[in-house]
Amino acid sequence: MPLNNRSKGSPFPLLAFVLLFLLAPLFFFFALNTSSDRNDISDVTIQQGSKWREQKALHDLKSLFPKEVLDMIMASTNDMGPLSLENFRNNLSASWRVVGLKTSNATYQLNQPETHLRQEKQKEKEGKSSVGLPQWTDSPVKLARRLIEKRMAKRAAELVKQDDEVIVKLEDLAIERSKSVDSAVLGKYNIWRKENENENADSTVRLMRDQIIMARVYLSIAKMKNKLDLYQELQTRLKESQRALGEATSDADLHHSEHEKIKAMGQVLSKVKDQLYDCKLVTGKLRAMLQTADEQVRGLKKQSTFLSQLAAKTIPNGIHCLSMRLTIDYYLLPPEKRKFPKTENLVNPSLYHYALFSDNVLAASVVVNSTVLNAKDPSKHVFHLVTDKLNFGAMNMWFLLNPPGKATINVENVDEFKWLNSSYCPVLRQLESATMKEYYFKAGHPSTTGASNLKYRNPKYLSMLNHLRFYLPQVYPKLDKILFLDDDIVVQKDLTGLWAVDLHGKVNGAVETCGESFHRFDKYLNFSNPHIAKNFDPNACGWAYGMNIFDLKVWKKKDITGIYHRWQNLNEDRVLWKLGTLPPGLMTFYGLTHPLNKSWHVLGLGYSPSIDRTEIENAAVVHYNGNMKPWLEIAMTKYRPYWSKYVKYNHPYLRNCKLSEWSS
C-alpha cells in the first residue's frame, strides 16, 4: 500500500479519546451523587432498625415483669414520662441511682459518646475528676430488679418489726399468766427454778446417786466375770454410800465427812472401769436398770391413785366421832324437843329455799353457816337438809344445838321417802342387779384392778342422796324455785340475786366449765354409742353441779325426771357413761341450761393448785370438787382457810372428838 494512503488513516480513535476525556467527569459526579443517596438510604434503615430494637427491648421488659411491678415503677417515679426504653436510658428515677450520684451525672454517663468517655478516663488518670465516681454497668432491667428487691426488703423489714411487736406482747402476757403459778405447790421443780435457786445446791447428792448407779452396774459385771476381789470392794463402798446418802435430798442434809466416802468410791470406780469396762455390757445394764425403774414408777403411780381414791372415800375419825356422839344425844332427847321452829316457812314459795343432801355433819354445817353469815336478810332463807338414817339423828342434834340464826331449817331422812323405790327409780333397780353388786363389792373381780375406774366405785354413787337431785319436784312439790348446793362448797356472798336471774324458759341455771378443749360432752359421754352420737354434740359445753338454781315449774312442764329415767334405763350396762350424776345431768338438761356468770361459782379447790386467789375471793361460792376435800388430811393447805373459818372449832363436841383446824 502507498505511504500517503497510511498517513491518511481512520479518525475514530481520536474521536473516542476526546469523548472519554469529556465524559469521565460526568461519570465521577454521577457516581458521587449515587453514593450519597445510598448513604441516606442506609441512615434511614439504621434508624428504623434502632426503633425496632427499642420496641423489642420494651416488649421483652414488659414480658419480664408483671403489670403490677411496672405500674409500681411508673407510679413511684416522678421524673419519668411514658414507659419506653428511652425513658429507662435518660430518665432513671432517683431510687435507681447510686447513693451520692446526681441525676445529671447519671444521664451524662449514659449519653456521652465514646470519645467523651475516653476523655473522662484520661481526666481520672490526671486526677482532674472526682475520686470513686461510679460507673453504670447494669442494664435497666437489672436496675428495675434492684428497685423491686430493695422495696421488698423494706416491706419485709416492716413486717418483721410488726412481728417483733406481737412477740413482745405475747411474752408480756405469758409473764402475767406465769404469776398465777403457785411455786409453793410446785416446789423447786417449776420452770423458774434457775432464777430462784442455785443450780449446784444439791450437786454432791447428785454425784453420790450417780456413783451408786455405776457401782451397781459394775457390781453385776464383776460377778459375771468372777472378779470377786473387785466385787467385794464395790459392795463395801456401795453400802457406805447408801448409808451416807440415806434420805438426803440436798447437800445441806449430808454430813461433812461424806466427801471422803465420795472420794473413796470414785477411786474404786476408776479402778473397776480400767479392768471391767465393756461398752456393750454397761449399756445393757443401764438399760435394764432404767426399765426396772420405769416399772417401779408406774407401780407407785397406781398405788398413789389407789390411796388418794381410798382417802377420798373415807371419813376422818373426828367426823365419825362427832356423828356418833350427836346421834346418841339426839335419841336421848324427848320427842317434843326434836322439832325445829318455823315449819310454816318450809312451803312458802316467796322465800329463798336451799336443797342440801349430805351425810357429813361437819360439811353440812359449813354450808349452812357460811350462807347465813353472808346473807343480807337471813330470816328469808330456808334450808332443806336430807340425809340417810345413819346420820339423821346427828344432823338434827347439831342444828338443834346450833340453829342458823333467823333462818329456817329442816332435816329429813331419805329412807322415809316411800315413793323412792326400785319400781320407780332405775338407779335403785340397777343397784339390786347381780352385775352391779359384783362391780362394787367383789374386790377380786378383774375389772377392779384398773386404777382409771377406781373413782367410779366410790360409795357416794351407791347412795340415793347423790341421785336425789333428779327428784326435786317430788321432794318439794309446793315450791317454784330452789337452789341446790353440794356439801363441799362454801358460800362467800349473798345468794338472793340468783332467784332474780332470768333463765329464759330454761330449767337449770349453772356455771359452764368448758374451756378450749376440756370439760365438753365428749369427756363424759361415750360418743361411739349411736344413742349418744345422734342426740348430742360432742363439743357442747359442760356445766357444774354444786350450785344450781332450778325452776321447778318448768321442770314439771318438761318432765325432766322422765327424761332422766329414760337415759338411766338405757345405761343399765354402763355403755353410755360411767357411774356418776354429772353425765346423766348433762344429758337430762341438754338444751335446758342457762349459763350463769362465772363469778357465782368457782370450782377446782379440791384438785387444782393454780386457781387465782383474786378469782376465789371474788366468787360467791367456792367448790372443793375433787378428792382433796377440806376436811381431809390430803386437802390443799392454801385453800383450807376459806372453809375452816366457818367451822366452830371451840364447840364442845368438836373438842371432845379432837377436831381442830390442824387435824381436819
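Coordinates for the structure precede this section.
Reading the values: rules and limits
- Residue numbers restart at each chain and count upward from 1, following the sequence in its written direction.
- Since the coordinates come from a predicted model, pLDDT governs what is reported: local features require at least 70, and pairs of side-chain atoms require 80 or more to be given and counted, while whole-chain, interface and lining totals use all residues.
- Note that the side-chain values use all heavy atoms of the structure and ignore hydrogens as well as water.
- Secondary structure is summarised from DSSP: a helix means a run of H or I of at least four residues, a strand means a run of E of at least two, and numbering begins at the N terminus for each.
- Every residue pair with non-hydrogen atoms within 4.5 Å of one another is taken to be in contact.
- Per-residue and other accessible areas were derived by the Shrake-Rupley procedure at a 1.4 Å probe size, with only the shown protein chains allowed to occlude residues.
- Each patch groups residues whose relative accessible area exceeds 30% and which form no salt bridge, using 9 Å between like charges and 5 Å between nonpolar side chains of Val, Leu, Ile, Met, Phe, Trp and Tyr.
- The salt bridge criterion pairs a side-chain nitrogen of Lys or Arg with a carboxyl oxygen of Asp or Glu, the two atoms within 4 Å.
- We treat Lys and Arg as the positive residues and Asp and Glu as the negative residues; His and chain ends play no part in the count.
- Positions of charges follow a simple convention, taking NZ of Lys, CZ of Arg, CG of Asp or CD of Glu.
- Pairing between strands requires that DSSP locate at least two bridges from one strand to the other.
- Only C-alpha atoms enter the line fits that serve as axes; for helices the fit covers just the stretch in contact. Angles between N-to-C directions range over 0 to 180 degrees.
- With respect to orientation, any angle under 35 degrees is reported as roughly parallel, any angle over 145 as roughly antiparallel, any angle of 65 to 115 as roughly perpendicular, and every other angle as oblique.
- It is the rotation of the near helix from the far one that decides the hand of a crossing: anticlockwise by less than a right angle makes it left-handed, clockwise makes it right-handed.
- For this scheme, ten residues count as nonpolar: Ala, Val, Leu, Ile, Met, Phe, Trp, Tyr, Cys and Pro. Four count as charged, namely Asp, Glu, Lys and Arg, and the remainder, Gly too, count as polar.
- Residues belong to one nonpolar core when they are buried, are Ala, Val, Leu, Ile, Met, Phe, Trp, Tyr or Cys, and are joined through side-chain atoms within 4.5 Å.
- Exposure categories follow from relative accessible area, calculated using a 1.4 Å probe and restricted to protein chains: below 20% of the type maximum is buried, above 50% is exposed, and the middle band is partly exposed.
- By this rule the span expected of a helix is its residue count minus one, scaled by 1.5 Å.
- Orient the strands so they point away from the viewer; a crossover is then right-handed if the path from the first strand over the helix to the second runs clockwise.
- To pair, rings of Phe, Tyr and Trp, with the six-membered ring standing in for Trp, must have centres within 6.5 Å; the planes then decide the type, stacked if under 30 degrees apart, edge-to-face if over 60, and tilted in the middle.
- In this scheme, the term charge over a ring applies when either NZ of a lysine or CZ of an arginine sits within 6 Å of the ring centre and within 35 degrees of the ring normal.
- Cysteine sulfur atoms are paired as a disulfide whenever they come within 2.5 Å of each other.

Enquirer: Is there a simple way to explain the overall build of the chain in this structure?
Expert: Broken down by element type, the chain carries 28 helices and 10 strands. Pairs at least 24 apart in sequence give 75% of the contacts found in the chain among residues at least 6 apart. When the accessible surface of the chain is totalled, it reaches about 39,500 Å², and 56% of it is carbon and sulfur.

Enquirer: Hey, could you run me through a positive patch on the surface in this one?
Expert: Judged by side-chain charge, Lys553, Lys556, Lys557 and Lys558 come together as a positively charged surface patch. Looking at the element boundaries, lysine 557 is found in helix α23 (residues 552-558).

Enquirer: I keep staring at the sheet that holds strand β5 (residues 489-491) and nothing clicks. Help me out?
Expert: Adjacent strands of a sheet form backbone hydrogen bonds with each other and so pair up, either parallel or antiparallel. Strand order across the open sheet formed by 3 strands is β5-β10-β9, with mixed pairing between neighbours. In the strand order of this sheet, the two ends are held by β5 and β9 (601-602), each with one partner.

Enquirer: Would you explain the packing of helix α10 (residues 203-224) against helix α11 (residues 228-245) in this entry?
Expert: In a packed pair of helices, the relevant descriptors are the angle between the two axes and the axis-to-axis distance. Their axes nearest at 9 Å, the elements α10 and α11 cross at an angle of 155°. On the basis of their axis angle, the class for α10 and α11 is roughly antiparallel. For α10 against α11, the interelement crossing comes out left-handed. From α10, Val205, Met208, Arg209, Ile212, Ala215, Arg216, Tyr218, Leu219, Ala222 and Lys223 reach across to α11, where they touch Tyr231, Leu234, Gln235, Leu238, Ser241, Gln242, Ala244 and Leu245. The class makeup of the residues in the contact of α10 with α11 is 12 nonpolar, 3 polar and 3 charged.

Enquirer: Can you walk me through the sheet that holds strand β6 (residues 508-510) in this structure?
Expert: The strand order across the open sheet formed by 7 strands is β3-β2-β1-β4-β7-β6-β8, and the pairing between neighbours is mixed. Taken across any chain shown, the strands that pair with only one partner, and hence form the sheet edges, are β3 (408-413) and β8 (593-595). With strand direction ignored, the average angle separating the axes of adjacent strands in the sheet is 25°. Judged from the 6 bridges that link them, strand β1 (residues 352-357) and strand β2 (residues 381-387) form a sheet pairing that is parallel. Pairing of phenylalanine 357 across the sheet is with valine 386, part of β2. The strands that helix α15 (residues 361-373) touches are β1, β2, β3 and β4 (481-485); relative to β2, the one it contacts most, it runs at about 175°.

Enquirer: Which parts of the structure should I look at to understand the nonpolar core?
Expert: The tendency in soluble globular proteins is for nonpolar side chains to be buried side by side. Core analysis: the biggest nonpolar cluster contains 63 residues, and Leu322, Leu385, Leu483, Leu495 and Trp643 have the highest contact counts within it. With 8 residues, α15 is the largest single contributor of residues to this core. Look past the residues within four positions of leucine 322 in its chain and what remains in contact with it is Val361, Leu362, Trp398, Tyr653, Leu654, Cys657 and Leu659. Core analysis: the second largest hydrophobic core is formed by 44 residues, Leu420, Tyr471, Leu552 and Leu576 among them.

Enquirer: When you look at α10 in this model, what are you seeing that I'm missing?
Expert: At 3.6 residues per turn, the α-helix brings residues three or four places apart onto the same side. Taking 1.5 Å of rise per residue, 22 residues should cover 32 Å, and α10 covers 32 Å from first to last C-alpha, within 8% of that figure. Every buried residue of α10 is listed here: Thr204, Val205, Met208, Gln211, Ile212, Ala215, Val217, Tyr218, Leu219, Ile221 and Ala222. The positive-phi residue at the C-terminal boundary of α10 is asparagine 226, with phi of around 60°.

Enquirer: Quick question: what am I supposed to make of the environment of alanine 544 here?
Expert: Mapped onto the elements, alanine 544 comes out in the loop between α22 (530-533) and β7 (547-551). On the basis of relative accessible area, alanine 544 is assigned to the buried category, the value being 3%. Linking alanine 544 and alanine 510, residues 34 residues apart in sequence, is a C-alpha distance of 6.3 Å. Non-local contacts of alanine 544, meaning those with residues more than four positions away in its chain, are made with Ala510, Val511, Thr513, His601 and Leu603.

Enquirer: What is the right way to look at the pairing of β3 in this model?
Expert: Consecutive side chains of a regular strand alternate in pointing toward one face of the sheet and then the other. Among the 6 residues in β3, 5 count as buried, and that is most of the element. In terms of strand pairing, β2 meets β3 through 6 bridges, oriented parallel. Paired with leucine 385 across the two strands is valine 411, which belongs to β3. A crossover connection joins β2 to the parallel β3 through helix α16 (residues 392-401); in handedness this β-α-β unit is right-handed.

Enquirer: What is the right way to look at the pattern of salt bridges in this model?
Expert: Any two side chains of opposite charge can pair, on the condition that their charged atoms come close. Summed over all chains, the structure comprises 5 salt bridges. A salt bridge links glutamate 240 to arginine 237; its shortest N-O distance comes to 3.1 Å. Of this pair, glutamate 240 and arginine 237 both sit in helix α11, 3 residues apart, roughly one helical turn. Between lysine 629 and aspartate 488 there is a salt bridge; the shortest N-O distance is 2.6 Å. Of this pair, lysine 629 sits in the loop between β10 (621-623) and α27 (640-644) while aspartate 488 is found in the loop between β4 and β5, placing the two residues 141 residues apart along the sequence.

Enquirer: Whenever I open this one, the packing of aromatic side chains confuses me. Can you help?
Expert: When we look at a pair of aromatic rings, we describe it by the centre distance and by the angle of the planes. Taken as a whole and judged by the stated rule, the model has 24 aromatic pairs. On the basis of an interplanar angle of 80° and a centroid distance of 5.3 Å, the ring pair of tyrosine 354 and tryptophan 499 is categorised as edge-to-face. Pair noted here: tyrosine 354 is in strand β1 and tryptophan 499 is in the loop between β5 and β6, with a separation of 145 residues, a long-range link. Against the face of tyrosine 545 rests arginine 469, its NZ or CZ located 4.6 Å from the ring centre.

Enquirer: Honestly, the environment of leucine 400 in this entry has me stumped. Any pointers?
Expert: Inspection of the secondary structure puts leucine 400 in helix α16. Classification of leucine 400 as partly exposed rests on a relative accessible area of 23%. Here the alpha-carbon distance between leucine 400 and lysine 339, two residues 61 residues apart in the chain, equals 8.1 Å. Aside from chain neighbours lying at most four places away, what touches leucine 400 is Tyr330, Leu333, Lys337, Arg338, Lys339 and Phe340.

Enquirer: Could you clarify how one ought to interpret the state of the cysteines in this entry?
Expert: Joining two cysteines, a disulfide is a covalent bond between their sulfur atoms. Tallied over the entire structure, the rule returns 2 disulfides. A disulfide bridge connects cysteine 321 with cysteine 657, and the sulfur atoms are separated by 2.2 Å. Given an S-S torsion of about -75°, the disulfide between cysteine 321 and cysteine 657 has left-handed geometry. Pair noted here: cysteine 321 is in helix α14 (residues 317-332) and cysteine 657 is in the segment after α28 (652-656), with a separation of 336 residues, a long-range link.

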